[in-house]
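Commentary on secondary and tertiary structure
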Amino acid sequence: MVYTEEDDLKYQQALKDKIAHLRKEKNAVILAHNYQRPEVQDVADIRGDSLALAQAAIRTDAKIIVLCGVHFMAEIASILNPAKKVLLPVEVAGCPASDMITVKELRVKKDEHPDASVVCYVNSSAAVKAESDVCCTSANAIEVVKSLSNRKIIFVPDKNLGLYVKSHVKEKEIITWRGVCPTHVRVSLEEVLEAKEKYPDAEFIAHPECEMKVLKKANFIGGTGGMLKYVKSSPAKRFIIGTERGLIHRLKMENPEKEFFSPSRHFICADMKLTTLGWVTHALELEVHEVKVPEGVRLKAKKSLDRMLEITENNFAQKR
Ligand code: CIZ
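Everything numeric in this text was worked out from a predicted model, so none of it was measured. (Residues numbered from 1 in each chain as written. Predicted model: local features only at pLDDT ≥ 70, side-chain atom pairs only at ≥ 80, totals over all residues. Heavy atoms only, no water.)

1. Brief notes about the nonpolar core
- Of all hydrophobic cores here, the largest spans 77 residues; its most connected members are Val-119, Phe-155 and Val-156.
- Here the element with the most residues in this core is helix 4 (residues 71–80); it accounts for 7 residues.
- Those residues within four positions of Val-156 in sequence are excluded, and the remaining contacts are Ile-101, Leu-106, Val-118, Val-119, Cys-120, Tyr-121, Val-128 and Trp-177.
- Judged by nonpolar contacts, the second largest core, of 16 residues, contains Ile-19, Ala-28, Val-40 and Leu-87. (Core = buried A, V, L, I, M, F, W, Y, C linked by side-chain atoms within 4.5 Å. Buried < 20%, exposed > 50% of the residue type's maximum accessible area, 1.4 Å probe, protein only. Helix = DSSP H or I, 4+ residues; strand = E, 2+ residues; numbered from the N terminus. Contact = heavy atoms within 4.5 Å.)

Next comes the structure, spelled out in structure tokens:
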């Protein structure tokens, strides 16, 4: 027997139907990060960056949250919604950058700089969030750092995002950590220059987790939420996308008249791609792979998330 592409599509459709049925029966909501596989984004109720998913997790009245993303994202949903069942379809989907700092290491750093505030990027464990003063995402890192009264800031774990913030907030002393996103740092300047040469009319937009030499070539720098907004408002017709390739699916859906290119075959996060429709169905059907954060850690981590959400919302209200 031969298995054809048509069989594949039929199988995918059967899974999509099953997910739709289970979602209704169990009163579940499916949240998917912008880096997820296209077919997983397509079954989601809400797609977005960590900030958008965190905000959606607060608003939802569903009983079950299926978080299609990586472990720290499911932790955030559970921290903000302890009464809900938060399921991570693939138990081992993690974030290497978030594993690049431990609580013990952070405490040593804090002891070295007792006069510093600690800002942690969302790509961090709940335990590191609990040890920090405030959290940030790539969408709000600059405004969060600027809002703090302390002059000295320890910024963990992503070094490149920390350096990017440092280049925008001259009035602060920012101490960065050594963590990096392996996907974003694999992309070389040469690859970007090659893509720019191939598509000279295209704008290059880049994520601040990329190295500074890559960022210097960008027409726009921002998180995935910012990139989506930028592409919509830009008159350009073609874009080179300096982030994980999953975003291109959403960009195409929202801007069918525009063209998108990835500068590198390395722009794939293996952990983000672990989630498939099969694993979403499995998690929802059996209600497995629940992510829970111990209450003591949860309450402290929630403080640093709440502080970030307050800063972002206050600034948003002021701009309106
Ligand atoms: O903030 C996030 O969700 C991350 C990790 C990347 C992005 O810009 O969406």
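2. Regarding the sheet that holds strand 6 (residues 134–136)
- Ordered in space as 6-5-7-8, the 4 strands form an open sheet in which the pairing is parallel. A strand with exactly one partner marks an edge of an open sheet, and here the two such strands are strand 6 and strand 8 (173–176). Averaged over all pairs of adjacent strands, the angle between their axes in this sheet comes to 30 degrees, without regard to strand direction.
- Looking at chain direction, strand 5 (residues 117–121) and strand 6 are connected through 3 bridges and run parallel. Each bridged residue has a counterpart across the sheet, and for Tyr-121 the counterpart in strand 6 is Cys-136. (Pairing = 2+ DSSP bridges. Axes fitted to C-alpha atoms, helices over the stretch in contact; angles between N-to-C directions.)

3. Description of the site of the ligand
- Around the ligand, the neighbouring residues are His-33, Tyr-35, Asp-49, Ser-50, Tyr-121, Asn-123, Ser-138, His-207, Gly-223 and Thr-224.
- Within the side chain of Ser-138, a nitrogen or oxygen atom sits 3.0 Å from an oxygen atom of the ligand.
- With respect to the ligand, the side chain of Thr-224 contributes an N or O atom lying 2.5 Å from an oxygen atom.
- Taking 270 Å² as the accessible area of the ligand by itself, protein coverage stands at 98%. (Near = heavy atom within 4 Å. Polar contact = N/O pair within 3.5 Å; in protein donor to acceptor, adjacent residues only side chain to side chain. Areas by Shrake-Rupley, 256 points an atom, 1.4 Å probe, with all protein chains shown as cover.)

4. So, the pairing of strand 3 (residues 64–68)
- With 5 of its 5 residues buried, strand 3 lies for the most part within the structure.
- On strand 3, burial covers both faces: Ile-64, Val-66 and Cys-68 on one face and Ile-65 and Leu-67 on the other are all buried.
- Both strand 1 (residues 28–33) and strand 3 contribute to a ladder of 5 bridges, which runs parallel. When the sheet's bridge partners are listed, Ala-32 is paired in strand 3 with Cys-68.
- Relative to strand 4 (residues 85–87), strand 3 is paired through 3 bridges, and the arrangement is parallel. Looking across to strand 4, one finds that Ile-65 is bridged to Val-86.
- Handedness of the crossover is the feature at issue here: the chain leaves strand 3, passes through helix 4, returns alongside strand 4, and the resulting connection is right-handed. (Right-handed = clockwise from strand over helix to strand, strands pointing away.)

5. Some thoughts on empty space enclosed by the protein
- Tallying each qualifying case throughout the model produces 1 cavity of 30 Å³ or more.
- The space that makes up the largest cavity amounts to roughly 40 Å³.
- Around the largest cavity, the lining residues are Ser-50, Leu-53, Ala-54, Ala-57, Leu-67, Met-73, Ile-76 and Ala-77.
- Counting residues per element, the lining of the largest cavity draws most heavily on helix 3 (residues 50–59), at 4 residues.
- Grouping the amino acids of the lining of the largest cavity by side-chain chemistry returns 7 nonpolar, 1 polar and no charged. (1 Å grid on protein atoms, 1.4 Å probe; cavity = no way out; pocket = protein on both sides within 12 Å on 5 of 7 lines; lining within 4 Å. Points joined across faces, edges and corners; volume = space filled by probe spheres on them. Nonpolar A, V, L, I, M, F, W, Y, C, P; charged D, E, K, R; others polar.)

6. Section: the domain arrangement of the protein
- Domain boundaries assigned for the protein yield domain 1 (5–94 + 273–286), domain 2 (98–181 + 295–319) and domain 3 (187–265).
- Each partner contributes to the interface: domain 2 provides 10 residues, whereas domain 3 provides 9 residues.
- Note on domain 2 versus domain 3: buried area summed over both sides is about 740 Å², and carbon and sulfur give 58% of it.
- By the criterion of area lost to domain 3, the three top residues of domain 2 are Ser-138, Asn-160 and Tyr-164, representing 60% of everything that side buries. (Domains from an automatic or database assignment. Buried area = accessible area lost by both parts, 1.4 Å probe.)

7. Some points on the environment of Asp-49
- Among the structural elements, Asp-49 can be located in the loop between strand 2 (46–48) and helix 3.
- For the pair Asp-49 and Gly-226, spaced 177 residues apart in sequence, the C-alpha to C-alpha distance is 9.5 Å.
- Residue contacts for Asp-49: discarding those within four places in its chain leaves His-33, Asn-34, Ala-139, Thr-224 and Gly-225.
- A polar contact is formed between the side chain of Asp-49 and the backbone nitrogen of Ala-52, at a distance of 2.8 Å.

8. Observations regarding the sheet that holds strand 3
- Read across the sheet, 4 strands follow the order 2-1-3-4 without closing on themselves; strand pairing throughout is parallel. Only two strands of the sheet have a single neighbouring strand rather than two, namely strand 2 and strand 4. When strand polarity is set aside, the average angle formed by the axes of neighbouring strands in this sheet is 20 degrees.

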